[in-house]
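This is what each chain is made of:
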Amino acid sequence: MSSITVWQSLLAIMLMAAISYGSRVLGLLIMARLPLSPNVQLFINAMSSSVLIAIITPIIVHGDGGTRLAAIMAGMVAIIFRSPLASIAIGIVCAAGWRWWFMS
Amino acid sequence: MMLPLAAFTVAFGLAFGVAASHEGVTHWEAMLMSVLVFAAPSQFAALELWQTPLPMLALAATTLTIHTRHVLMSASLYPWLKALPLRQQFAVIFMLTDSNWAMALGEYHRGERNIGILLGGGIALWAAWIAGTGLGLAFGGGINQPERFGLDVIMLCFLLVIVIGGNPKALMILPWLAAAINALLAYWWLPPYLHVMVGALTGGMVAILLPKRWYKTGTS
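Per an unreviewed UniProt entry, the recorded name for chain A is AzlD domain-containing protein, and the organism is Halomonas colorata.

If you want it as structure tokens, here you go:
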């Protein structure tokens, strides 16, 4: 299906696993004994949500109308109702509806 | 209290499985990710970066950026876990996720000292996440044109929901806006995948540059 070799994807997954476990252990071993300044905490918190913003922005901008509508509606539902599953469901319905209406 | 969370986690795992089979990630890759990484945001982000050839550096950097948050979270659980032998601490902390961290910290502040809550809850969520992934892979693979059913937006909506749900502060609008703009500029004019780092660093910088009194007044 794709030309990614087994070893490459194994390496990639191991890398991800090591980083995700490493960060959990690191907090326990080091950060708990080191006082973190409020600025550092603020930076880390903002950075780890901004990385997700950075990933989704080009998808929305370069996506079709269905993708954009899905993003707007899912975002609104997330803000108003605070229900993650409802907003994913709305997103799927909007994208499917848009494409059914405009492309078939 | 754990049960609704576990049900949610099955549903999210299902969403991940469906999205993974649509993004060209093979079944065993998706499954191994769910078993070993056990973190929805970085797994969904990895789906977006899963291209040929695999951008290892971008994958590692993105995972690292997303997970720096977990460093803070596990540090906050240290007072609770320090009673345990080191080996058990390492085992329990593997179960740390965004959702059970929030719950565990709440329990701790209410006076709960039983580590079983953290460990048992973690194992339940882990099992739910794996089961959900398996279900999603089983059903998602059978759909020929995922775009027609809107299944390609699952990942996008999920990441959006995590961002909004995890940080309900109006104060974050400025850092996020800056991150979005810079990420887009970097996406157009810088080498591939750098936009992720550019956006993340922009968001962090803007957050610490905002006047400190804004944070104190508790705008929400």
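> Help me understand the environment of leucine 137 of chain B, please; the structure alone is not making it clear to me.
Considering the arrangement of structural elements, one finds leucine 137 of chain B in helix α7 (residues 115-140). When the C-alpha positions of leucine 137 of chain B and glycine 13 of chain B are compared, they lie 9.4 Å apart, and in sequence the two are 124 residues distant.

> Looking at this structure, I do not really get the domain arrangement of chain B. What am I missing?
A common way to state how big an interface is: give the accessible area lost once the parts meet. Residue and element names in this part refer to chain B. The domain boundaries assigned to chain B delineate domain 1 (2-166) and domain 2 (168-220). Each of domain 1 and domain 2 has a C-alpha centre, and the two are 24 Å apart. Tallying the contact residues gives six residues for domain 1 and four residues for domain 2. Looking at the side of domain 1 that touches domain 2, the element that brings in the most residues is helix α4 (residues 56-81), giving four residues. Residues belonging to the side of domain 1 that touches domain 2 are distributed by class as follows: four nonpolar, two polar and no charged.

> Before we go on, may I ask you to explain the domain arrangement of chain A in this structure?
The domains assigned to chain A are domain 1 (1-34) and domain 2 (37-104). Computed over C-alpha atoms only, the centres of domain 1 of chain A and domain 2 of chain A are separated by 26 Å.

> Just checking my understanding: could you explain the packing of helix α2 (residues 38-62) of chain A against helix α10 (residues 194-209) of chain B for this structure?
Packed helices, taken two at a time, are described by their axes: the angle between them and the distance between them. Contact geometry for α2 of chain A and α10 of chain B: axes closest at 6 Å, N-to-C directions at 140°. It follows that α2 of chain A is oblique to α10 of chain B by the angle criterion. Judged by the twist between their axes, the crossing of α2 of chain A over α10 of chain B is right-handed. The segment α2 of chain A lies against α10 of chain B, with Asn39, Leu42, Phe43, Ala46, Met47, Ser49, Ser50, Val51, Ile53, Ala54, Ile55 and Pro58 of chain A engaging His195, Val196, Val198, Gly199, Ala200, Leu201, Thr202, Gly203, Gly204, Ala207 and Ile208 of chain B. Residues of the contact of α2 of chain A with α10 of chain B, tallied by class, amount to 15 nonpolar, eight polar and no charged.

> Please clarify how the interface of chain A and chain B should be interpreted in this entry.
With 62 residues of chain A in contact, the opposing surface of chain B contributes 79 residues. Breaking the side of chain A that touches chain B down by element, the ones donating at least two residues are α1 (6-31), α2, α3 (65-81) and α4 (84-103) of chain A. Per-element accounting of the side of chain A that touches chain B gives the leading share, 21 residues, to α2 of chain A. Residue classes in the side of chain A that touches chain B are distributed as 40 nonpolar, 19 polar and three charged.

> What am I meant to see in the nonpolar core here?
Nonpolar side chains in soluble globular proteins generally cluster together in the buried interior. Judged by nonpolar contacts, the single largest core of 83 residues is most densely connected at Ala74 of chain A together with Ile154, Cys157, Phe158, Leu159 and Leu160 of chain B. Sorting elements by how many residues they give to this core places helix α8 (residues 154-166) of chain B first, with 11 residues. Other than its neighbours up to four places away in sequence, isoleucine 154 of chain B contacts Ile88 and Ile92 of chain A together with Ala15, Val18 and Ala19 of chain B.

> It is not clear to me how the UniProt feature "transmembrane region" (unreviewed entry) in chain A should be interpreted in this structure. Could you clarify?
Residue and element names in this part refer to chain A. According to UniProt, the positions carrying the feature "transmembrane region" (unreviewed entry) are residues 6-30, 42-63 and 69-98. Between the end C-alpha atoms of residues 42-63 the distance is 32 Å, and the span holds 95% helix and 0% strand. As annotated, residues 69-98 has a helix share of 93% and a strand share of 0%, and its two end C-alpha atoms lie 8 Å apart.

> When you look at helix α9 (residues 173-189) of chain B in this model, what are you seeing that I'm missing?
Structural remark: α-helix, 3.6 residues per turn; residues separated by three or four positions point the same way. Helix length check: α9 of chain B, at 17 residues, gives a terminal C-alpha distance of 24 Å against a target of 24 Å (1.5 Å per residue), a fit within 8%. Of all the positions in α9 of chain B, only Pro175, Trp176, Ala178, Ala179, Ala180, Asn182, Ala183, Ala186 and Tyr187 of chain B are classed as buried. The inward-facing, buried residues of α9 of chain B abut α2 of chain A together with α10 of chain B.

> Looking at this model, I keep getting lost on the packing of α9 of chain B against α10 of chain B. Mind explaining?
Residues and elements named next belong to chain B. Packing of α9 against α10 leaves a shortest axis separation of 8 Å and a crossing angle of 155°. Relative to α10, the element α9 is oriented roughly antiparallel. Between α9 and α10 lies a crossing whose hand is right-handed. Here Leu174, Pro175, Trp176, Ala178, Ala179, Ala180, Asn182, Ala183, Ala186 and Tyr187 of α9 come into contact with α10, specifically with Leu194, His195, Val198, Gly199, Thr202, Gly203, Val206 and Ala207. Its residues placed into classes, the contact of α9 with α10 shows 13 nonpolar, five polar and no charged.

Definitions and cut-offs
- Residues numbered from 1 in each chain as written.
- Chains lettered and ligands numbered in written order.
- Predicted model: local features only at pLDDT ≥ 70, side-chain atom pairs only at ≥ 80, totals over all residues.
- Helix = DSSP H or I, 4+ residues; strand = E, 2+ residues; numbered from the N terminus.
- Domains from an automatic or database assignment.
- Contact = placed C-beta atoms within 7 Å.
- Nonpolar A, V, L, I, M, F, W, Y, C, P; charged D, E, K, R; others polar.
- Axes fitted to C-alpha atoms, helices over the stretch in contact; angles between N-to-C directions.
- Parallel < 35°, antiparallel > 145°, perpendicular 65-115°, else oblique.
- Left-handed = near helix turned anticlockwise from the far one by under 90°.
- Core = buried A, V, L, I, M, F, W, Y, C linked by C-beta atoms within 7 Å.
- Buried ≥ 20, exposed ≤ 12 C-beta atoms within 10 Å, placed from the backbone.
- UniProt positions renumbered as here; feature names shortened; annotations may be inferred.
- Expected span 1.5 Å × (residues − 1).

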